[in-house]
Amino acid sequence: QKEVEQNSGPLSVPEGAIASLNCTYSDRGSQSFFWYRQYSGKSPELIMFIYSNGDKEDGRFTAQLNKASQYVSLLIRDSQPSDSATYLCAVNTGFQKLVFGTGTRLLVSP
Amino acid sequence: EAGVVQSPRYKIIEKKQPVAFWCNPISGHNTLYWYLQNLGQGPELLIRYENEEAVDDSQLPKDRFSAERLKGVDSTLKIQPAELGDSAVYLCASSLSSSDSPLHFGNGTRLTVT
């Protein structure tokens, strides 16, 4: 079992819809969780982080964490074509060891 | 605030040749990381430094890869000799030392070994 798992996609949504990206992790002791966006040919850029169970909202983005289910998700409201990218889930498994998933490719069609 | 700076952006070498990558982290970030990213995959950690000390190098192929961060600021990652399978993007990242601090990535070096 991989430490951090994501569906590779692509996830296709129409412009204006809600995109839901999911991530599961294996280490129950993980404490912090990050979402990065990566455009093709570019490096990952941080868009959200979450440490506590529940929801965290930042603009059009909402991160959701459920430690009991070892599940973290990212919702993008009012999706725009510029949101088309690969979204990487990263989990801090302790001692600053950040493990990345393989990423989910999101395609937002106009 | 200047971001993480890496050079070169692109490097093409023949197999068996040496290659080196350089990284300057964000000022004040004591933790520095080197990641490798293959196409369609997430970044994989090669080595992590806390100041000048390599605190996690378990994934670094030590037969051909080496890294240093002599003064606890900028860092160099070297491959000698390079193999075809080393073709990838090499990402440097930095963060504050807090265990919950997010990583900030540089633009990466795309290595092609022919």
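Look up: the structure comes first, before these words.
A. Layout of the overall build of chain B. Along chain B, the regular secondary structure elements total 0 helices and 11 strands. Secondary structure of chain B in N-to-C order comes out as β-β-β-β-β-β-β-β-β-β-β. The C-alpha atoms of chain B give 13 Å as radius of gyration, which agrees with the globular expectation for 114 residues (13 Å, within 12%). Dimensions of chain B, computed from C-alpha atoms along their principal axes, come out at roughly 40 × 25 × 25 Å. Within chain B, buried positions represent 46% of all 114 residues. Nonlocal contacts in chain B, meaning residues at least 24 apart in sequence, comprise 52% of its contacts between residues at least 6 apart. Carbon together with sulfur atoms contributes 48% to the accessible area of chain B, which is approximately 5700 Å² in total.

B. Just the interface of chain B and chain A, in detail. With 24 residues of chain B at the contact, the number on the chain A side is 17 residues. In total, about 1600 Å² of surface goes out of reach between chain B and chain A, with carbon and sulfur atoms giving 49% of it. Of all residues in chain B, Asp 100, Pro 102 and Phe 105 of chain B bury the most surface against chain A, accounting for 27% of the area lost on that side. Our enumeration of links across chain B and chain A arrives at 0 salt bridges. Of all the secondary structure elements, the ones that give two or more residues to the side of chain B that touches chain A are β4 (31–37), β5 (44–50) and β9 (88–95) of chain B. The biggest single contributor to the side of chain B that touches chain A is β4 of chain B, with 3 residues. Residues that form the side of chain B that touches chain A fall into these classes: 8 nonpolar, 11 polar and 5 charged.

C. A look at the sheet that holds strand β3 (residues 19–24) of chain B. All names here are of chain B. Taken together, 4 strands build an open sheet; the order of strands is β1-β3-β8-β7 and the sheet is antiparallel. Each of the sheet's edge strands pairs with one partner strand only, and the pair in question is β1 (5–7) and β7 (65–68). The sheet shows a mean angle of 15° between the axes of neighbouring strands, direction not considered. As defined by bridge partners, β3 adjoins strand β8 (residues 75–79) across 5 bridges and the pair is classed as antiparallel. The residue bridging Ala 20 from the neighbouring strand is Lys 78, located in β8.

Cut-offs and rules
- Residues numbered from 1 in each chain as written.
- Chains lettered and ligands numbered in written order.
- Predicted model: local features only at pLDDT ≥ 70, side-chain atom pairs only at ≥ 80, totals over all residues.
- Heavy atoms only, no water.
- Helix = DSSP H or I, 4+ residues; strand = E, 2+ residues; numbered from the N terminus.
- Rg over C-alpha atoms; globule rule 2.2 N^0.38 Å.
- Buried < 20%, exposed > 50% of the residue type's maximum accessible area, 1.4 Å probe, protein only.
- Contact = heavy atoms within 4.5 Å.
- Areas by Shrake-Rupley, 256 points an atom, 1.4 Å probe, with all protein chains shown as cover.
- Buried area = accessible area lost by both parts, 1.4 Å probe.
- Salt bridge = Lys/Arg side-chain N within 4 Å of Asp/Glu carboxyl O.
- Nonpolar A, V, L, I, M, F, W, Y, C, P; charged D, E, K, R; others polar.
- Pairing = 2+ DSSP bridges.
- Axes fitted to C-alpha atoms, helices over the stretch in contact; angles between N-to-C directions.

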